[in-house]
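Fold and geometry: a report
Here is what each chain is made of, one letter per residue.
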Amino acid sequence: ALGTMFGYFFSSSRVHSLEETVNCDKEKFIHFYGLMLANGVFFAPSQFEAGFISSSHNNETLEETAVALRVAFASIGS
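Remarks on the overall build of the protein chain
Helix and strand content of the protein chain: two helices and two strands. Mapped from its N terminus to its C terminus, the protein chain presents α and β elements in the order β-α-β-α. Taken over 78 residues, the protein chain has a buried fraction of 23%. In the protein chain, the share of contacts with a sequence separation of at least 24, taken over all contacts with a separation of at least 6, comes to 59%. Carbon and sulfur atoms provide 58% of the accessible area of the protein chain, an area that totals close to 5,700 Å². In the protein chain, the 4 positive side-chain charges and the 8 negative ones have mean positions that sit 7 Å from each other.

Description of a nonpolar patch on the surface
A cluster of nonpolar residues, Phe9, Leu18 and Phe48, forms a patch on the protein surface that exposes about 310 Å² of accessible area. Structurally, Leu18 can be placed in the loop between strand 1 (5–6) and helix 1 (26–38). What makes Leu18 exposed here is its relative accessible area of 60%.

Description of the side chain of Thr65
Inspection of the secondary structure assignment puts Thr65 in helix 2 (residues 59–76). Once residues within four sequence positions are removed from consideration, Thr65 is found in contact with Met36, Val41 and Phe43.

Brief notes about the environment of Gln47
Looking at where Gln47 falls in the secondary structure, it is placed in the loop between helix 1 and strand 2 (51–52). Residue Gln47 is classed as buried on the basis of its relative accessible area, which comes to 6%. In this structure the C-alpha to C-alpha distance between Gln47 and Gly7, which are 40 residues apart in sequence, comes to 7.1 Å. Discounting residues that sit within four places of it in the chain, Gln47 has contacts with Tyr8, Phe9, Cys24, Lys26 and Phe29.

Digging into the nonpolar core
Soluble, globular proteins show a tendency: their nonpolar side chains are buried together. If you look at the biggest cluster of nonpolar residues, it comprises 12 residues: Tyr8, Phe10, Phe29, Phe32, Tyr33, Leu35, Met36, Val41, Phe43, Ala68, Ala72 and Ile76. Contributing elements (two or more residues each) for this core: helix 1 and helix 2. With five residues, the single largest contributor to this core is helix 1. Beyond its immediate sequence surroundings of up to four residues, Ile76 is in contact with Phe10, Lys28, His31, Phe32 and Leu35.

Some details on helix 2
In a regular helix each residue adds 1.5 Å, so 18 residues correspond to 26 Å; helix 2 covers 26 Å between its end C-alpha atoms and thus fits that length. Packing partners of the buried residues in helix 2 comprise helix 1. Two to three positions downstream of the cap, the backbone nitrogen of Glu60 sits 3.1 Å from a side-chain oxygen, assigning the N-cap of helix 2 to Asn58. One or two residues past the end of helix 2 sits Gly77, with phi positive at roughly 75°.

Some thoughts on the confidence of the model for the protein chain
Within the protein chain, residue pLDDT values average 91, and 97% of them lie at 70 or more. Mean pLDDT across the secondary structure elements of the protein chain bottoms out at strand 1, with 90, and peaks at helix 1, with 95.

What counts, and at which threshold
- Residues numbered from 1 in each chain as written.
- Predicted model: local features only at pLDDT ≥ 70, side-chain atom pairs only at ≥ 80, totals over all residues.
- Heavy atoms only, no water.
- Helix = DSSP H or I, 4+ residues; strand = E, 2+ residues; numbered from the N terminus.
- Buried < 20%, exposed > 50% of the residue type's maximum accessible area, 1.4 Å probe, protein only.
- Contact = heavy atoms within 4.5 Å.
- Areas by Shrake-Rupley, 256 points an atom, 1.4 Å probe, with all protein chains shown as cover.
- Lys, Arg positive; Asp, Glu negative; His and termini not counted.
- Charge placed at Lys NZ, Arg CZ, Asp CG, Glu CD.
- Patch = residues over 30% accessible without salt bridge, like charges linked within 9 Å, V, L, I, M, F, W, Y side chains within 5 Å.
- Salt bridge = Lys/Arg side-chain N within 4 Å of Asp/Glu carboxyl O.
- Core = buried A, V, L, I, M, F, W, Y, C linked by side-chain atoms within 4.5 Å.
- Expected span 1.5 Å × (residues − 1).
- Polar contact = N/O pair within 3.5 Å; in protein donor to acceptor, adjacent residues only side chain to side chain.
- pLDDT = per-residue confidence, 0-100.

What follows is the structure, encoded as structure tokens:
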């Protein structure tokens, strides 16, 4: 099912449990977070917090976020 809540981790494998977060690249998360913030997108500052998309996010906001995501991923090499 698809929903409006999301979270993200930087890992070479899928993360299914709290224990698996130990292997995630926290430095990459911090770098990504900073890049997104510098591009005007504020995500939760901890990889253990959820993000939400709501009705206040219109197509323009989502496209601006997509552009910032492409820039950030290109910068960190993911």
